[in-house]
Amino acid sequence: MPQMNRDQRNAAWQAANQWRARATQTQPTGLMGSLKLLFTWLAFGALMIVAVVFGLFFLLIGWAMMPFMRHKMKKRMEQMRAQQAQDIGGGYASHHASSHDTAQRRPGHQDALEGSYEVKDDR
């Protein structure tokens, strides 16, 4: 940290002293100032309590909805998988049965989910 010269230090001290003087002037004086400060803190505390209650309420609602959302997402994923399998080849079961019949006739034939491929030797 660079060293501050005497004028800069004095300016900082003067600003701090002015700020401190303004803070002591705005402190509540008398009964009305104390009551105003008390009601301000009570209002702040009440708002904090209301905010915590709302936060806990929404947290509990979120936790209660998690099983339903999980079930909905699981159903959606099953639907997407079924749609993808149908798009690939008319359903895996029917594709597997028809490929299995042709695989018995051709010995080098293998089937896969995406399609059927033959492996050729390099010989």
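Not measured: the values here are computed from a predicted model. (Residues numbered from 1 in each chain as written. Predicted model: local features only at pLDDT ≥ 70, side-chain atom pairs only at ≥ 80, totals over all residues. Heavy atoms only, no water.)

A.B. asks: Help me out: how do you make sense of the overall build of the protein in this one?
C.D. replies: Broken down by element type, the protein carries three helices and two strands. Each helix and strand of the protein, placed in order from N terminus to C terminus, yields the pattern α-α-α-β-β. Per-residue burial for the protein yields a buried fraction of 5% across its 123 residues. A total of about 11700 Å² of accessible surface is found on the protein, and carbon and sulfur atoms cover 63% of it. (Helix = DSSP H or I, 4+ residues; strand = E, 2+ residues; numbered from the N terminus. Buried < 20%, exposed > 50% of the residue type's maximum accessible area, 1.4 Å probe, protein only. Areas by Shrake-Rupley, 256 points an atom, 1.4 Å probe, with all protein chains shown as cover.)

A.B. asks: Sorry if this is basic, but what is going on with a nonpolar patch on the surface here?
C.D. replies: Together, Val50, Phe54, Phe57, Phe58, Ile61, Met65 and Met69 give the surface a local cluster of nonpolar side chains, amounting to about 670 Å² of exposed area. As for its position among the elements, phenylalanine 58 is in helix 2 (residues 30–89). (Patch = residues over 30% accessible without salt bridge, like charges linked within 9 Å, V, L, I, M, F, W, Y side chains within 5 Å. Salt bridge = Lys/Arg side-chain N within 4 Å of Asp/Glu carboxyl O.)

A.B. asks: I tried to follow the packing of aromatic side chains on my own but got confused; where do I start?
C.D. replies: Working definition: an aromatic ring pair is given by the centre-to-centre distance plus the angle between the planes. Summed over all chains, the structure comprises three aromatic pairs. Ring centres of phenylalanine 54 and phenylalanine 58 lie 6.4 Å apart, and the angle between their planes is 20°; on these two criteria the pair is classed as stacked. Highlighted residues: phenylalanine 54 and phenylalanine 58, both in helix 2, separated by four residues, approximately one helical turn. Taking the relative accessible area as the measure of exposure, phenylalanine 54 reaches 48% and is therefore partly exposed. (Phe/Tyr/Trp six-rings, centres within 6.5 Å; stacked < 30°, edge-to-face > 60°.)

A.B. asks: Looking at this structure, how should I read the confidence of the model for the protein?
C.D. replies: A low pLDDT score tells you not to read the predicted coordinates there in detail. Scored by pLDDT, the protein has a mean of 79; 68% of the residues are at 70 or more. Element-level pLDDT for the protein is lowest in helix 3 (residues 92–105), with a mean of 50, against a maximum mean of 93 in helix 2. (pLDDT = per-residue confidence, 0-100.)

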